[in-house]
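# Structural features, examined
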Amino acid sequence: MRIRMQITKDGDLRYVSHLDFVRMVERALRCSGVPVAYSEGYNPRPKIGYSPALPVGVSSETEFVDVWLSQRRDPKVIAGQVGWCLPKGAEVLGAREVQERAPALTAVVTNAGYELRIKVCGLVRQELEEAIAKLCDGSDFSGRVSIQFFDQDCVVLKLVVPAGSRRGPKPKEVMAEILSGLDVSRVLDAPVIHRTELFVGGEENPPRLLTIDL
Amino acid sequence: MRVTLPHELLLSVLRPGRYVGGERNSVIKDHDQVKVRFALAFPDAYEVGMSHLGLQILYQELNGREDTAAERVFAPWVDMEREMRVRKIPLFSLESRRPVREFDVLGFSVQYELQYTNVLMMLDLAGIPLLAADRGEDDPLVCAGGVCVSNPEPIAPLFDFLVSGDGEQVVHEIIDVLVTRGDRKDVLKRLAGIDGVYVPGGYEPEYDGGKLVRIRVKDGFPERVRRRIVCDLDRVLLPDKPVVPLIEAVHDRAAVEVFRGCARGCRFCQAGFAYRPVRERSPEVVRELGCRLVQATGHEELSLLSLSTSDYRYVEQVCGELAGELAGRGVNVSLPSLRMDDLSIQLADAVREVRKSGLTFAPEAGTERLRRVINKQLTDEDIFRTADKAWRAGWDRLKLYFMIGLPTETDDDITGIITLVRELVYRHRAGRREGKYQGRPLKLAVSVAPFVPKAVTPMQWDGQTAGDVLKARIDRLRKEIKRGTVELSFHNVDSSQLEAVMARGDRRLLPVIMNAYQRGCRFDAWTELWSWEKWLEAFADCGVDPGNYSGRVFERNDVLPWDHLDAGVNKEFLWSERTRGYGEVITPSCRDACAGCGLENVCPGEVG
């Protein structure tokens, strides 16, 4: 049986690498006694798949984990058991069964959506819009940026870029490009980046949101 | 007060996960609800400290008390240290991000002499006066425990008190004193009355012509501080919920101690003598703890720890049971510290992961003669027979540990290492040709480290061999052992010399350590930061010759800098072991015959 879970990587877990997050999930599976299936051969590994890796410093509510089980279980029960074994910042938002032979997460993901939160002081909106336009008009930029929220102390940008099976710019790089076009004294701290969605879709279909039907 | 760690700060340092806390099984208490706040410090990076079992034991012992809150603090890496100084962020605890100087006690676990500069760095970053004598009523009590307390003299003046031996019981007696409050002097006086607590302020070393002639004991302090020994490890059921590291630790595993101490009496080994007598856990308790640990952590590996796990009386039974129970959960049992004998191969086989990682053994010396000197009962035949068994069972990766610079060593003993290694390679090759051994060509890793004489061993009177002689012997090994099949690695000779200086040192070394720290020495055990040049400058500045400390030979009747600390093993016994060693005579294991070391009746009912 194959179960897909949606897990958050939030709070201080943003400072933990993807590899360490993987270890955390594996430990939670072991700790909760979930009957994970193992690969055959000389070096059996637990059969677990992950959505595209996040860089250190980025939090996420869209960490998807596919786990192959050696016995059938109720996905909701698994979600509860695993959630209990995870540290603060990692919450299981939901779980459901997926087809055994469905393609891997890294293969189906085509785009990722991010929220970039910046602490500012006296930033001029037009300056920001110009910096964004300059970035988007660049011939090799393959994403979309929009301003989701703007006020005196805080700006939230929405960014969608190719990811997973498609190559795309890193959110940190996009952010650096935009910031380079602004008055640096107006920006108070490093931007806080949070992954909000993953999109799947073949070449022909428009991308759809990857969800667990929470 | 709580420390704020800005997002951009954490993004700018290596492995920010070291500083954020929030791990599974970490305990956060309300400081207003407790009487004693204890900061447990490990003077090395998070990844190293989180692999240390002692820290986890004390964490649970302390947090298990309603009147106490224990939090952890590790040495910030150099990039973080720089930022903390610039931004004026004081050293803070992981759990609540409180400045460590706001705690009642700051306790260091000191396991290795090359961590001493990190102790200074942490005190400095915390804003706590480095010397115990300079601290006031508002400063926390600073203490230390761990294996270096066998001879803590070079750093003793930094501590208000130290704890000798097992911590599980004495830590409660200490907290019971602290709970009742009182002024600093009064509290220290009362702590000095606890068995196992060493207050350096009560002892004054006296020198004559550069030589230590007496350790004067002030009024109200015990003549000698006795090491604490917990006899019944079955009553200590901790740790059963160790904190699970957030980022990859050096040892990412659950661990159960199967026994403490060692009956073998290898004459160079401080741990063996400093933790006598052997105290075993019963197999039921080991199994129970092992299962609880896996449940509480989800670790992939469960290690059965001790100084010589093949000697655990119930090892076969426990291994079999645990391996069986845990295999279904995807957990491997591992057995570090195996002796080079048949039983070990059987055990290793029983718990093997399907992918065979290598087997590790420690022959330590190249010739049978030198092995008798160090009391390692291991003949060349034993080595070849064990290797043969291992190879037949499918292990094609072997790691061997050797020491150079052991007392009475000559060039013949170095030849012995070379011959042994060549012979092993030859036998495996021949065996493969004959079809005796399946699998791949042999990968043999040989690790060579300079011998460091340590306190509380029969070799505590011996000096360390001079650096240039050690380097020449290493060069010879490099030249004569062909690379390819054999991967040779050597422990740094200069850092081994520093280890020897500190291990055999006295309080006159503290200015050197402080000088080295001022020059930027930190994380001396890490090759990327190790700087012998800076240390040499520090020694020169202070007018101290390191060779005088590392190489000095003590006479039988000399006062040793650690004489006022009583590990329980008497000096006469150690001297007689030294004599036997020089005579190449084996002393059998405590299990086979009691040699009268002084600890025979300390734990009644225990064997060895």
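Now for a quick tour of the structure. (Residues numbered from 1 in each chain as written. Chains lettered and ligands numbered in written order. Predicted model: local features only at pLDDT ≥ 70, side-chain atom pairs only at ≥ 80, totals over all residues. Heavy atoms only, no water.)

## With respect to the overall build of chain A
As a reminder of what qualifies: Secondary structure counts use DSSP, requiring at least four H or I residues in a row for a helix and at least two E residues in a row for a strand, with both numbered from the N terminus. Partly exposed describes any residue whose relative accessible area lies between the buried limit of under 20% and the exposed limit of over 50%, with all areas from a 1.4 Å probe on protein chains only and scaled to the type maximum.
Across its full length, chain A carries 5 helices and 9 strands. Ordered by position in the sequence, the α and β elements of chain A form the string β-α-β-β-α-β-α-β-α-β-β-α-β-β. Seen through its C-alpha atoms, chain A measures out along the principal axes to roughly 60 × 40 × 35 Å. Evaluated residue by residue, chain A yields a buried proportion of 52% over its 214 residues.

## Concerning the pairing of strand β1 (residues 2-9) of chain A
Residue and element names in this part refer to chain A. Going by this rule: Here a strand pair is declared whenever DSSP counts at least two bridges between the two strands.
With 8 of its 8 residues buried, β1 lies for the most part within the structure. By the bridge criterion, 6 bridges tie β1 to strand β4 (residues 92-98) in an arrangement that is antiparallel. Across the sheet, the residue bridging to Arg 2 is Val 98, located in β4. Pairing of β1 with strand β3 (residues 58-68), which is carried by 7 bridges, proceeds in the antiparallel orientation. Note on β3: the bridge partner recorded for Lys 9 is Ser 60.

## Observations concerning the layout of surface pockets
Residues and elements named next belong to chain B. Operational definition: The distinction between a cavity and a pocket rests on a 1 Å grid over the protein atoms alone: a 1.4 Å probe fits inside a cavity but cannot get out, while a pocket stays open yet meets protein on both sides within 12 Å along at least five of seven lines, and a residue with an atom within 4 Å of a point counts as lining. Grid points are joined across faces, edges and corners, and a volume is the space filled by probe spheres set on the points. Residue classes follow a fixed rule: Ala, Val, Leu, Ile, Met, Phe, Trp, Tyr, Cys and Pro count as nonpolar, while Asp, Glu, Lys and Arg count as charged, and any other residue, Gly among them, counts as polar.
Considering only enclosed or pocket space, the second largest pocket measures out at about 490 Å³ in volume. If you go around the second largest pocket, you meet 22 residues; those closest to its centre are Ala 133, Leu 188, Val 199, Gly 201 and Gly 202. Every element with two or more residues in the lining of the second largest pocket is listed here: α7 (184-192) and β7 (203-208). For the lining of the second largest pocket, the element with the most residues is α7, which contributes 4 residues. Looking at the lining of the second largest pocket residue by residue, the classes come out as 11 nonpolar, 2 polar and 9 charged.

## Quick notes on the interface of chain A and chain B
The cut-off we apply is this: Contact criterion: two residues are considered in contact whenever any of their non-hydrogen atoms come within 4.5 Å of each other. Accessible-area loss on putting two parts together, using a 1.4 Å probe and summing over both, is the definition of buried area adopted here. The term salt bridge refers to a pairing of a side-chain nitrogen on Lys or Arg with a carboxyl oxygen on Asp or Glu at a separation within 4 Å. Nitrogen and oxygen atoms within 3.5 Å of one another constitute a polar contact, given that in protein one can donate a hydrogen and the other can accept it, and given that sequence-neighbouring residues count only through two side-chain atoms.
Every contact between the two is made by 29 residues of chain A and, on the other side, 30 residues of chain B. Here chain A and chain B share an interface that buries about 2,400 Å² over both sides, 54% of which is from carbon and sulfur atoms. Viewed at the interface, chain B and chain A are joined by 4 salt bridges. At the boundary of chain A and chain B, one finds 11 residue pairs in polar contact (both at pLDDT 80 or more). For the side of chain A that touches chain B, the secondary-structure elements that each account for two or more residues are α1 (18-32) and α2 (75-85) of chain A.

## Examining the packing of aromatic side chains
Residues and elements named next belong to chain B. What counts here: Stacked, edge-to-face and tilted labels apply to pairs of Phe, Tyr and Trp rings (six-membered ring for Trp) whose centres lie within 6.5 Å, assigned for plane angles under 30 degrees, over 60, and everything in between, in that order. Any Lys NZ or Arg CZ found within 6 Å of a ring centre and within 35 degrees of that ring's normal is scored as a charge over the ring.
Following the criterion strictly, the structure yields 15 aromatic pairs over all chains and no others. Aromatic pair Trp 77 and Phe 523: ring centres 4.4 Å apart, planes at 45°, arrangement tilted. Taken together, the residues Trp 77 in the loop between β2 (68-74) and α4 (78-87) and Phe 523 in the loop between α17 (510-518) and α18 (532-541) connect sequence positions 446 residues apart. For Trp 77, a relative accessible area of 7% gives the class buried. Here the aromatic rings of Phe 554 and Trp 562 are separated by 6.0 Å at their centres, their planes lie at 90°, and the arrangement is edge-to-face. By relative accessible area, Trp 562 is classed as buried at 3%. Of the aromatic side chains, those joined through ring pairs into one cluster are Trp 77, Phe 523 and Trp 526. Just above the ring of Tyr 59 sits the side chain of Arg 72; from NZ or CZ to the centre is 5.6 Å.

## Observations regarding unusual backbone geometry
Both trends apply: most residues other than glycine have a negative phi, and most peptide bonds are in trans. Residue and element names in this part refer to chain B. Residue Pro 239 follows Leu 238 across a cis peptide bond; omega there is 0°. Mapping Pro 239 onto the fold places it in the loop between β9 (225-226) and β10 (254-257). Look at the link from Arg 276 to Pro 277: it is a cis peptide, with omega at -5°. Among the structural elements, Pro 277 can be located in the loop between α8 (270-274) and β12 (279-280). Although it is not a glycine, Asn 375 adopts a positive phi angle of roughly 70°. By secondary structure assignment, the location of Asn 375 is in the loop between α12 (368-373) and α13 (380-392).

Interpretation note: all reported values are geometric properties and have no functional meaning in isolation.
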